[in-house]
Amino acid sequence: MIDIEQGSTNVYADLGRNDADEMLIKAQLATKIAEIIKRRRLTQAKAAEIVGIPQPKLSGLLRGQFRGISEAKMLDCLARLGREVRIVVGPSRPRSKPGHVEVEFTG
């Protein structure tokens, strides 16, 4: 019999990665960038021109290889693709509980 373990909502945390939260956010941003490129029927060359990164680097990002691309650059890519990007800082939490970062897509 195979033991099955329920995972969390973050596969990177399940794999024990120290940068799990950052990797999850980057994966979500990369997914949205890929969706927009596909919806707009852009070639990778045209999309790379629009977002301002070399086509091979965009190709890697779209395949989940986004380690060398900062979250800020990915947010810039979304803005260049015509999306509104807002960063909202919420109310403070008790000092014993750290805050967290999440990505929310609307529209």
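Residues numbered from 1 in each chain as written. Predicted model: local features only at pLDDT ≥ 70, side-chain atom pairs only at ≥ 80, totals over all residues. Heavy atoms only, no water.

- Looking at an unreviewed UniProt entry, one finds the protein chain named XRE family transcriptional regulator and attributed to Modicisalibacter tunisiensis.

### Focus on the environment of Phe105
Piece 1. Along the chain, Phe105 falls in the segment after α5 (71-80).
Piece 2. Setting aside residues up to four positions removed in sequence, Phe105 forms contacts with Gln28, Leu29 and Lys32. (Helix = DSSP H or I, 4+ residues; strand = E, 2+ residues; numbered from the N terminus. Contact = heavy atoms within 4.5 Å.)

### Some details on helix α2 (residues 20-39)
Piece 1. Between its first and last C-alpha, α2 extends 28 Å over 20 residues, near the 28 Å set by a 1.5 Å rise per residue.
Piece 2. Looking at the buried positions of α2, the neighbouring elements they touch are α1 (11-14), α3 (44-51), α4 (55-62) and α5. (Expected span 1.5 Å × (residues − 1).)

### Things to note about the nonpolar core
Piece 1. Counting residues in hydrophobic clusters, the biggest one holds 23 residues, and the most contacted among them are Ile33, Ile37, Phe66, Met74 and Leu81.
Piece 2. With nine residues, α2 is the largest single contributor of residues to this core.
Piece 3. Not counting chain neighbours up to four residues away, the residues in contact with Phe66 comprise Tyr12, Met23, Lys26, Ala27, Ala30, Leu61 and Met74. (Core = buried A, V, L, I, M, F, W, Y, C linked by side-chain atoms within 4.5 Å. Buried < 20%, exposed > 50% of the residue type's maximum accessible area, 1.4 Å probe, protein only.)

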